[in-house]
Amino acid sequence: MSILKQVEIDLTKMVQQLGYTIEKINLQPSGRPELGEFQINEAFQLGKENHCNPREIAEKITTELEKDGRFQNINIAGAGFINISFTEEFYKQSLIEMQKGIENSIDKEPKKKIIIDYGGANVAKTLHVGHLRSANIGEALKRLAKKLGCDVIADAHLGDSGLQSGMVVSEMKERYPELICFQENYQGEDFDLPITNEDLSIIYPEASRKAKANEDKMEEARELTLEIQKGHPGYNALWNKIKDLSLIDIRRIYQDLNTSFDLWEGELDSFAYIPDMLKELEEKHLLEISEGATIMDIREETDKKEMPPIILVKGNGGYIYETTDLATIYGRMKRFQPDEIWYLADNRQDLHFRQVFRASNKAKFTTEATKLEFIGFGTMNGPDGKPFKTRDGGVMTLGSLIDLVNEETTKRLNPMITDPEEKKQIAKMIAISALKYADLLPYRATDYVFEPSKFADLEGKTGPYLLYSTIRMKSLLRKAKENGYETYEVKKLKNDTDKNVLLTLISLPKVLKKAFDTKSLNDITEFLYKLTSTYNKFYSENHILTSKDEELKTTWLAMTEVVCKTNLFLLDILGISVPEKM
Ligand code: ARG
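By convention here, each chain's residues receive numbers from 1 onward along its written sequence. Only residues with pLDDT of at least 70 are given local features in this predicted model, and only at 80 or more are side-chain atom pairs given and counted; all residues enter the totals for whole chains, interfaces and linings. Excluding hydrogens and water, the side-chain figures rest on all heavy atoms present in the structure.

### What to know about the side chain of Ser 270
Test applied: Secondary structure follows DSSP: runs of H or I at least 4 residues long count as helices, runs of E at least 2 residues long count as strands, and numbering of each begins at the N terminus. Residue contacts are counted whenever heavy atoms from the two residues lie within 4.5 Å of one another.
Inspection of the secondary structure assignment puts Ser 270 in the loop between α9 (233–256) and α10 (274–283). Those residues in contact with Ser 270 that sit more than four places away from it in its chain are Thr 324, Ala 327 and Thr 328.

### Regarding the pattern of salt bridges
The condition is simple: Definition used for salt bridges: Asp or Glu carboxyl oxygen within 4 Å of a side-chain nitrogen of Lys or Arg. Only protein chains enter the calculation, and the probe is 1.4 Å; a residue is then buried if its accessible area is under 20% of its type maximum, exposed if over 50%, and partly exposed in between.
Per the stated rule, a full pass over the model turns up 55 salt bridges. The partner of Lys 499 in a salt bridge is Glu 37, and the shortest N-O contact between them spans 3.2 Å. Remark: Glu 37 occurs in the loop between β1 (28–29) and β2 (38–40) and Lys 499 occurs in helix α17 (residues 496–506); sequence separation between them is 462 residues. Glu 37 shares its class with Lys 499; the two are buried. In this structure, Glu 408 and Lys 411 form a salt bridge, with 3.4 Å as the shortest nitrogen-oxygen distance.

### Quick notes on the sheet that holds strand β10 (residues 340–346)
Operational definition: The pairing criterion is simple: DSSP has to find at least two bridges between the two strands. Axis lines are fitted to C-alpha atoms, over the contacting stretch for helices. Their N-to-C directions set the angle, which ranges from 0 to 180 degrees.
An order of β6-β5-β10-β11 is seen for the 4 strands of this open sheet, with the pairing classed as parallel. The sheet is open, and its two edges are formed by β6 (151–155) and β11 (371–377), each paired on a single side. Averaged over neighbouring strand pairs, the angle between their axes works out to 20 degrees when direction is ignored. Where strand β5 (residues 113–117) meets β10, 4 bridges bridge the pair, whose relative direction is parallel. Bridge assignment links Asp 117 to a residue of β10, and that residue is Tyr 343. Relative to β10, helix α5 (residues 129–147) is tilted by about 155 degrees, and along the sheet it contacts β5, β6, β10 and β11.

### Here's the deal with the side chain of Asp 155
Note the cut-off: Think of a polar contact as two N or O atoms within 3.5 Å of one another; within protein, one of them needs to be a possible hydrogen donor and the other a possible acceptor, and neighboring residues in sequence only count if both atoms come from side chains.
Structurally, Asp 155 is set in strand β6. Of note is the side chain of Asp 155, whose polar atom sits 3.4 Å from the backbone nitrogen of Glu 265. Once residues within four sequence positions are removed from consideration, Asp 155 is found in contact with Ile 116, Asp 117, Tyr 118, Phe 261, Leu 263, Trp 264, Glu 265 and Arg 332.

### Considering helix α3 (residues 54–66)
Threshold: Each residue after the first adds 1.5 Å to the expected span of a helix. Of all possible arcs, the one meant is that of the directions from the helix axis to the C-beta atoms.
For α3, built from 13 residues, the straight-helix expectation of 18 Å at 1.5 Å per residue is met to within 8% by its first-to-last C-alpha distance of 18 Å. Taken residue by residue, α3 has Pro 54, Ile 57, Ala 58, Ile 61, Thr 62 and Leu 65 as its buried positions. Buried residues of α3, seen end-on, are gathered within an arc of 135 degrees and therefore sit on one face of the element. Where α3 begins, the side chain of Asn 53 points an oxygen toward the backbone nitrogen of Arg 55, at a separation of 3.0 Å.

### Examining the environment of Asp 249
With respect to the secondary-structure elements, Asp 249 resides in helix α9. The spacing of Asp 249 and Glu 198 is 51 residues in sequence and 9.7 Å in space, taken between C-alpha atoms.

The following block contains the structure:
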């Protein structure tokens, strides 16, 4: 359990012993640091509930607090805000606790089974910056949930059943009519795909352009999509091969982004559940036919705004995004019985998920206890504040964005690193840190501006600043080891600069909890910056390795070690790896 949580439990008991009914006393980081490090605001609530003056209650509480050796500078501000600070002894004990390992000094969540649906790459299409956000946020939430003790299943949920399948197959038919899969008597024979990934990156945009320009082409694409959905042997064989080819690139990019999935399933995998799902909906009398389509009414009495019905089968018998998402829930509940399913997608998919979740609850595919959560994110914009474009005005693909940041980080690389292969590898790691940190810095649902040169900088709230600082901590610890220091005894603190580092450190569990509750990483990225800059201030004020005071020196080394491990722990949650040098 975390140190702060233990203190909160003790405080709660203490207040209960004073005769008050209260569930929990919270230690809030102080809004006015000059008055204390933390504040306790519950006197107000207690005053209201017990019909008495909050200040009187605050006074009773502070009298008790005075008896507890962990606190100092106890005072009451305003009508009943209690301010407290911790003693040096408390901080030293906390540091000793944290030396035992970060995993032990954080607070676990109740163990739950969570499926996280993120990534969402679309087969045969290029990944764009929206997919970057889904991968970054989803991967970090997965890692956070795991660290906090949850069972997590990560599913890439590939987009593979949409209109792009018909478009691509149509274009392939035009280019390679002789392919065996197009022959009428196709018997499932194997064949070689005559295209490369590079060809594919041209084929889809070309096919899409043609279909948009020509209604017949569009109709053909729709028909082919339907054939694929129905399992046409030849078209499916071809589409599966295209999927494998496309996945080579998709997997590489996810790997570059330190993103990994337990399941690489897609929309098409949900097709196995569609017949049973529709049957069950039919039996529950939840389906209606409207203008040829099969729909489900999902309105609720309390609705203030109009809620359109969810379409499950189109007039032509085809399935859509709603069908596959509902069938995916149906399948996931049967296979995994998760407590929660989290979905990462652009804010604009909000209505889609509300519809699907409502349908699932109404059909009782999920119970009251199952939490389906849409975790929407905002857009990453270019420096002009508009959706990111390439220099020549084209759509910014994820690959080209990574290249762009890579250019920036290569410029700033330490000139002492000369080996070309090493240079390339390190620049890439720094680029990923720049990209990920910037992407996880704002609250996830807000749009933000990504400026490659700003976020590649070694100063400020950037990934490279954190990497650089962490590497420096590591190297300091290495040197200490070379000088014979193996374990670092916590003896004494020098001043407020040291104390501020520890004060920041003990708040970590609260930061993790907030990130988990809000499903946003911004508190973690902010915390990393705060901890690192507070540590760097301490580092620049003190000469740790050459200090003549052994007691300070070992305490400082202990602090350095815990800060370094905390940084590595948090960077790992964010999916950022740290090079040995940069
Ligand atoms: N493929 C979708 C897209 O590119 C994202 C998928 C999100 N997940 C889901 N279960 N619908 O927008």
